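One-letter residues, chain by chain:
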Amino acid sequence: MLQLALDPSGPLNRSVYAALRAAILERRIISGRKLPSSRALAADLGVSRNTVLYAYEQLAAEGYVETRVGSGTYVVDSLLVGSVLVQRGSGRRGEGRRRLSALGVRLARDASLRRELGNPRREALPHEFRFEGAGHERETLNVWARLLGRRARSLSRAPTGYQPPGGSPELREALAGYLSRARGLTCRPEQIVVTQGSQQGIDLCLRLLVDAGDRVVVEEPHYAGYGSCLDACGASVSYVPVDAAGIQVELVAQLQRAKVACVTPSHQFPTGGVMPLSRRLRLLDWARQHGTVILEDDYDGEFRHEGRPIECLQSLDQDEQVIYLGTASRMLFPALRIGWAVAPVDLVDAFQRLKAIAARDTSSLEQLVLADFINGGWLERHVRRARKRYAVRRAAFLEAIRGELGTRAELVGVTAGTHALLRLPELSASRFADFSHACQQRGVGIYSAARCYARPPECVELLAGYASLAEREIGVGVRKLREALDSLGKG
């Protein structure tokens, strides 16, 4: 009698098939052995004969068994121990053991990536000071839904194939116009490569330009998404400190050679510094002298609360040293995985080929909807309204911090964007976990800035986003944050 353990959670015929397949792979039924007749096995298992017949037919279709007319069903003779039939958990390791590439080894050892993948999102708390997303207007979402529905209905009358590797021509045309108006960018539509968010843009740029051992200049602190990409390509990273005006170019100038410099000049992440014109020109001059490509990450340059938005670094570039990155995820909503890279003319073909290798296309439907959203003037209207709304929430955040924490807190980078860097000098970095737990108990979600540093700070620093909370919620959240801090005492 054949002993099989059936899984009661799924369809019975699939369960019988899976149990027989496992028995064959684990060599509990050896090659060449005859299986019980369908009637006999059905009686043993207490199932219908049709259930067993289905299992036998599926095993035969996949090559595990063969039916011999007038004789029965047999495990095929070609399933030998030396090929696939090594018992699971046997610990046998032959000369053919898999080996990772150099890239695979670096990824396997990448502690920062393991931390990111190992921390699944928890359930949202009532007062989330999250920094990666912002609040959404119902009007904007309604317009997006209407445009999406119109494009979806047109699919029955229009081709539904892949877009070109660089992205939809309609979207690239619309983006070229928008970026010129809103960010002072100088480019043709053909220079734009549409990506699946800014993170893919970062990855593609670094893979295109950096070999193992090449020097890459990165701000300190910096956007954590650079770390895993740099580790994956084996770069030699030079971290250059930032101040209130962004990366310290006088320190960059001391570096004789670098393949790429990664900067956020319009709103340094996470400290919020805005790079002045004089420093931008010195950085471009250094890059020109050394043949360095500048990767300009303009993740939220539209949202400036004091003065006019600063035009991007690329608008000053006369020597095509800058690759510009932008994203719709920060402007609209994170689930919209559309970003863009504006590459120098001589890099466009290689960039598009690499993009085609990584992902044949970015969602065609969403690209077309975003093109409609831009061409209809909705994106610029949304940015204007959002800028006003975020300014009000920023003011509420500043007032709440001053009222609840006073001199116990230091705020950095509040002139632009949708978040601030909140330092708590009285609380050592080693106590962040305790502080986070105390905040969660009070319904407050906080996010450490430590992962933005190559050498984390000694005190707790928070990436404190305020754009997704209403003014009243901001006040309540900051009060509860202060209560959590009080509960820990000094140290």
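Further up the page is the structure itself.
What you see is a predicted model, and the numbers here were worked out from it, not measured in a lab. Counting restarts for each chain, with residues numbered from 1 along the sequence as it is written. The predicted nature of this model means local features are confined to residues of pLDDT at least 70 and side-chain atom pairs, given and counted, to a pLDDT of 80 or more, with totals for whole chains, interfaces and linings taken over all residues. Working from all heavy atoms in the structure, the side-chain values ignore hydrogens and water.

## Topic: the pattern of salt bridges
Next, step 1: Every case where a carboxyl oxygen of Asp or Glu lies within 4 Å of a side-chain nitrogen of Lys or Arg is listed as a salt bridge. Taken as a whole, this structure holds 20 salt bridges when the rule is applied.
Next, step 2: With a closest N to O distance of 2.8 Å, Glu 170 and Arg 151 form a salt bridge. With a gap of 19 residues between them, Glu 170 in helix α7 (residues 169-183) and Arg 151 in helix α6 (residues 138-154) connect regions that are remote in the sequence.
Next, step 3: Partly exposed describes any residue whose relative accessible area lies between the buried limit of under 20% and the exposed limit of over 50%, with all areas from a 1.4 Å probe on protein chains only and scaled to the type maximum. The exposure class assigned to Arg 151 is buried, which follows from its relative accessible area of 17%.
Next, step 4: Residues Lys 259 and Asp 214 are paired through a salt bridge, measuring 3.0 Å at the closest nitrogen-oxygen approach. Remark: Asp 214 occurs in the loop between α8 (197-209) and β5 (215-220) and Lys 259 occurs in the loop between α10 (249-252) and β8 (260-263); sequence separation between them is 45 residues.
Next, step 5: Through salt bridges with shared partners, a single ionic network connects Glu 404, Arg 408, Glu 426, Arg 482 and Asp 486. Comment: elements are numbered from the N terminus, with helices defined as DSSP H or I runs of at least four residues and strands as E runs of at least two.

## Some points on the nonpolar core
Next, step 1: Among the nonpolar cores identified, the biggest contains 35 residues, and Leu 332, Trp 340, Leu 370 and Phe 373 are the most heavily contacted of them.
Next, step 2: Taken together, the elements giving at least two residues each to this core come down to α6, α7, β4 (192-195), α12 (328-331), β11 (339-342), α14 (364-375) and α15 (378-404).
Next, step 3: Among the elements that line this core, the one with the most residues is α7, at six residues.
Next, step 4: What makes two residues a contact is simply this: any of their non-hydrogen atoms within 4.5 Å. In this view, Phe 373 contacts Thr 140, Val 143, Trp 144, Leu 147, Leu 332, Trp 378 and Leu 379; residues no more than four positions away in its chain are not counted. What makes a nonpolar core is a set of buried Ala, Val, Leu, Ile, Met, Phe, Trp, Tyr and Cys residues whose side-chain atoms join them at distances within 4.5 Å.

## Concerning the environment of Leu 379
Next, step 1: Considering the arrangement of structural elements, one finds Leu 379 in helix α15.
Next, step 2: Sequence-distant contacts of Leu 379, defined by excluding residues within four places in its chain, comprise Tyr 178, Met 331, Leu 332, Phe 373 and Ile 374.

## Re the pairing of strand β15 (residues 459-465)
Next, step 1: Within β15, seven of the seven residues are buried, which leaves it mostly tucked inside the rest of the structure.
Next, step 2: For two strands to be treated as a pair, DSSP must find at least two bridges joining them. Bridge count for strand β13 (residues 419-428) against β15 is seven bridges, and the pairing is antiparallel. Within β15, the position partnered with His 419 by the bridge is Gly 465.

## A closer look at empty space enclosed by the protein
Next, step 1: A pocket here means an open set of points on a 1 Å grid, computed over the protein atoms alone, that has protein on both sides within 12 Å along at least five of seven lines. A cavity is instead a set of points where a 1.4 Å probe fits but cannot get out; residues with an atom within 4 Å of a point line either one. Grid points are joined across faces, edges and corners, and a volume is the space filled by probe spheres set on the points. On inspection of all chains with the given rule, the structure shows two cavities of 30 Å³ or more.
Next, step 2: What the largest cavity holds in volume is close to 50 Å³.
Next, step 3: Considering the residues around the largest cavity, the lining is formed by Phe 129, Phe 397, Leu 422, Ile 446, Tyr 447, Leu 462, Leu 463, Ala 464, Val 478 and Leu 481.
Next, step 4: Those elements giving two or more residues to the lining of the largest cavity turn out to be β15 and α17 (471-488).
Next, step 5: Among the elements that line the lining of the largest cavity, the one with the most residues is β15, at three residues.
Next, step 6: The residue inventory of the lining of the largest cavity, partitioned by class, reads ten nonpolar, no polar and no charged. Three classes are used: nonpolar for Ala, Val, Leu, Ile, Met, Phe, Trp, Tyr, Cys and Pro, charged for Asp, Glu, Lys and Arg, and polar for all others, with Gly counted as polar.

## Things to note about the sheet that holds strand β7 (residues 246-247)
Next, step 1: Read across the sheet, eight strands follow the order β4-β11-β10-β9-β8-β5-β6-β7 without closing on themselves; strand pairing throughout is mixed. Each edge of the open sheet is held by one strand with a lone partner, namely β4 and β7.
Next, step 2: Pairing geometry for β8 and strand β9 (residues 293-297), over four bridges, is parallel. Each residue of the ladder has a partner; that of Val 263, found in β9, is Glu 296.
Next, step 3: Across the sheet, α7 lies against β4, β10 (322-327) and β11, angled at about 105° from β4, the strand it touches most.
Next, step 4: Between N-to-C directions, angles cover 0 to 180 degrees, with each direction set by a line fitted to C-alpha atoms, over the stretch in contact for helices. Packing against the sheet, α8 makes contact with β4, β8, β9, β10 and β11, and its axis sits at approximately 160° to β10.

## A look at the environment of Glu 57
Next, step 1: Structurally, the position occupied by Glu 57 is in helix α3 (residues 49-61).
Next, step 2: For Glu 57 and Thr 67, which are ten residues apart along the polypeptide, the C-alpha to C-alpha distance reads 9.2 Å.

## Quick notes on the packing of aromatic side chains
Here the distance between the centres and the angle between the planes together describe a pair of aromatic rings.
Next, step 1: Think of it this way: a Phe, Tyr or Trp ring, Trp meaning its six-membered ring, pairs with another when their centres are within 6.5 Å, and the plane angle makes it stacked under 30 degrees, edge-to-face over 60, tilted otherwise. Following the criterion strictly, the structure yields eight aromatic pairs and no others.
Next, step 2: Seen in terms of ring centroids, Trp 144 and Phe 333 are 5.7 Å apart; in terms of plane orientation they differ by 85°. Their pairing is edge-to-face. Of the two residues, Trp 144 sits in helix α6 while Phe 333 sits in the loop between α12 and β11, which places them 189 residues apart along the sequence.
Next, step 3: Given a relative accessible area of 8%, Trp 144 falls into the buried group.
Next, step 4: What makes Phe 333 buried here is its relative accessible area of 15%.
Next, step 5: Measuring from ring centre to ring centre gives 5.6 Å for Trp 144 and Phe 373, while their planes differ by 65°; the resulting arrangement is edge-to-face. Residue Trp 144 is located in helix α6, and its partner Phe 373 is located in helix α14; the two are separated by 229 residues in the primary sequence.

## Things to note about the state of the cysteines
Next, step 1: Working definition: a disulfide is two cysteine sulfur atoms within 2.5 Å of each other. Inspection of every chain in the model, using the stated rule, returns zero disulfides.
Next, step 2: In this model Cys 187 remains outside any disulfide bridge; the closest cysteine sulfur is found in Cys 312, 8.9 Å from its own.
Next, step 3: Between Cys 262, a cysteine without a disulfide, and Cys 205, which holds the nearest cysteine sulfur, the sulfur-to-sulfur distance is 8.5 Å.
Next, step 4: Cys 262 gets classed as buried once you look at its relative accessible area, which sits at 2%.

## A word on helix α9 (residues 225-233)
Next, step 1: With respect to burial, α9 is a largely interior element, eight of its nine residues being buried.
Next, step 2: Listed as buried for α9 are Gly 225, Tyr 226, Gly 227, Ser 228, Cys 229, Leu 230, Ala 232 and Cys 233.
Next, step 3: Where α9 ends, the next residue or the one after it, Gly 234, has phi of about 75°, a positive value.

## Some words on the sheet that holds strand β12 (residues 410-412)
Backbone-to-backbone hydrogen bonds join strands into a sheet, with any given pair of strands oriented parallel or antiparallel.
Next, step 1: Reading across the sheet, the three strands line up as β12-β13-β15 and stay open at both edges, with antiparallel pairing between neighbours. A single partner strand is all that each edge strand has here, and the edge strands are β12 and β15. The average undirected angle you get between the axes of adjacent strands in this sheet is 25°.
Next, step 2: Two strands pair when backbone bridges link them, and β12 and β13 are joined in this way by three bridges, in the antiparallel orientation. Its bridge partner lying in β13, Leu 411 is registered against Leu 422.
Next, step 3: Together, β12, β13 and β15 form the strand contacts of α15, whose direction differs from that of β12 by roughly 160°.

## Focus on the packing of α7 against α14
Next, step 1: Where α7 contacts α14, the axes come no closer than 9 Å and their chain directions differ by 40°. Viewed along their axes, α7 and α14 adopt a mutual orientation that is oblique. Two packed elements cross with a definite hand, and for α7 against α14 that hand is left-handed. Contacts between α7 and α14 involve Glu 170, Leu 171, Ala 174, Leu 175, Tyr 178 and Arg 181 on the former and, on the latter, Gln 367, Leu 368, Leu 370, Ala 371, Ile 374 and Asn 375.
Next, step 2: Looking at side-chain class alone, the contact of α7 with α14 contains eight nonpolar, two polar and two charged residues. Geometric relationships in this document are graded by angle, where less than 35 degrees denotes roughly parallel, more than 145 denotes roughly antiparallel, 65 to 115 denotes roughly perpendicular, and other angles denote oblique. Each crossing is labelled by how the near helix is turned from the far one, with a counterclockwise turn of less than a right angle marking it left-handed and a clockwise turn marking it right-handed.

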